[in-house]
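The chain contents come next:
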Amino acid sequence: MTIYIELLVCAYIVDIASSGAVFRGQDADDDNEVSSYDFPYVTRSMWHARPPKEKIPLQSPVPYVVIHHSYSPPACYDGVTCRQAMRSMQNFHMDSRGWWDIGYNFAVGSDGAAYEGRGWTVLGAHALHFNNISIGICLIGDWRFLVPPSNQLKSAKALINAGVELGYIKSDYKLVGHRQVRETECPGDALFHEIQTWDHWSSFPASYKDLDKIDLTGSQNKS
């Protein structure tokens with residue numbers, strides 16, 4: 001009987017981990033901060049992230065949120081595939097680009113789960129010259145022609161709201177697409193048109209050429 005109960009408990013834990021439906025905040029090594037979210041949230045340890053080579057603190061609250069798409073890897077619709085996508089992006093960023101970690105602060109999959117990247121308190125490497133004043137959120141997939149599924153969009157918005165409530169994002173933050181601060185097609189035409197309907201979307205900066213009109217405080221680090 002005891003063995004049967006233990007097997008049931010183990011199966012339950014595995015099932016929860018696979019679904020991504022764990023509402024836990026930062027990993028234990030981030031000042032032991034634990035927060036609850038009302039959306040599926042997957043920590044670094046759950047997607048088996050590699051340790052970062054180094055970290056630089058991000059001064060909070062930030063005034064901007066930058067939306068990205070991954071382009072590659074493609075959209076992922078279950079926890080197993082999305083965790084593989086996170087590891088793929090981290091490996092590419094660390095091994096091919098020589099960065100300290102996965103570049104994004106967070107990513108959101110088409111499974112509706114938010115995945116912890118560098119997190120709220122670590123400087124990202126998602127938007128050159130803009131990392132010091134923003135949180136970068138990647139919607140995993142190629143969103144040039146199709147809009148992400150509604151559950152993916154809902155969790156991305158919920159993640160931003162959580163950042164505001166926790167004090168990591170300013171309440172009057174501005175939302176922009178990656179192409180507004182860097183010469184790139186990211187986050188794809190379809191997603192870019194979609195985020196223009198979201199609260200806090202800002203038409204300024206219109207492009208990277210406007211960056212000299214913004215106070216980019218702090219020293220910038222490429223990694």
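Residues numbered from 1 in each chain as written. Predicted model: local features only at pLDDT ≥ 70, side-chain atom pairs only at ≥ 80, totals over all residues. Heavy atoms only, no water.

**Q** Explain the overall build of the protein chain to me, please; I cannot follow it from the model alone.
**A** Looking only at helices and strands, one finds four helices and six strands in the protein chain. Going from N to C terminus, the protein chain has its helices and strands arranged as α-β-β-α-β-β-β-α-β-α. For the protein chain, buried positions account for 49% of its 223 residues. Long-range pairs, those at least 24 residues apart, make up 70% of the contacts in the protein chain between residues at least 6 apart in sequence. (Helix = DSSP H or I, 4+ residues; strand = E, 2+ residues; numbered from the N terminus. Buried < 20%, exposed > 50% of the residue type's maximum accessible area, 1.4 Å probe, protein only. Contact = heavy atoms within 4.5 Å.)

**Q** Please clarify how unusual backbone geometry should be interpreted in this entry.
**A** Excluding glycine, residues mostly have negative phi values, and the peptide bonds linking residues are mostly trans. In the segment running from S72 into P73, the intervening peptide bond is cis, with an omega of 10 degrees. Residue placement: P73 occurs in the loop between β2 (62-69) and α2 (79-96). Cis geometry marks the peptide bond from F204 to P205, where omega comes out at 5 degrees. Within the fold, P205 resides in the segment after α4 (189-195). Notably, H129 is not glycine yet its phi reads approximately 75 degrees, a positive angle. One can find H129 in the loop between β4 (114-116) and β5 (134-139). For H200, which is not glycine, the phi torsion reads 80 degrees and is therefore positive. Position of H200 relative to the elements: it lies in the segment after α4.

**Q** Please explain the pattern of salt bridges as it appears in this structure.
**A** Side chains that carry opposite charge are capable of pairing whenever their charged atoms lie near each other. Taken as a whole and judged by the stated rule, the model has five salt bridges. Across the salt bridge formed by R44 and D101, the nearest N and O atoms sit 2.8 Å from each other. Taken together, the residues R44 in the loop between β1 (41-42) and β2 and D101 in the loop between α2 and β3 (106-108) connect sequence positions 57 residues apart. D101 shares its class with R44; the two are buried. (Salt bridge = Lys/Arg side-chain N within 4 Å of Asp/Glu carboxyl O.)

**Q** I tried to follow the nonpolar core on my own but got confused; where do I start?
**A** The tendency in soluble globular proteins is for nonpolar side chains to be buried as a group. Residues I67, I137, L159 and I160 are the most contacted members of the largest nonpolar core, which totals 30 residues. Sort the elements by how many residues they give to this core and helix α3 (residues 150-165) lands first, with six residues. Excluding its chain neighbours within four sequence positions, the residues that come into contact with I160 are V65, I67, I137, I169, Y173, L175 and W198. Among the nonpolar cores identified, the runner-up in size contains 15 residues, and V42, W47, A113 and I140 belong to it. (Core = buried A, V, L, I, M, F, W, Y, C linked by side-chain atoms within 4.5 Å.)

**Q** For this particular structure, what's the right way to read α2?
**A** Because an α-helix completes one turn every 3.6 residues, residues spaced three or four positions apart along the sequence face the same direction. Here α2 spans 25 Å end to end across 18 residues, near enough to the 26 Å set by a 1.5 Å rise per residue. Every buried residue of α2 is accounted for by G79, C82, R83, A85, M86, M89, Q90, H93 and M94. Taken around the axis of α2, the buried residues stretch over an arc of 155 degrees, which confines them to a single face. Along α2, exposed side chains directed more than 90 degrees from the buried face belong to D95 and S96. The residue sitting at the N-terminus of α2 and contributing the capping side-chain oxygen is D78; that oxygen lies 3.1 Å from the backbone nitrogen of V80. Looking at the residues trailing α2, positive phi occurs at G98, about 75 degrees. (Expected span 1.5 Å × (residues − 1). Arc of directions from axis to C-beta. Polar contact = N/O pair within 3.5 Å; in protein donor to acceptor, adjacent residues only side chain to side chain.)

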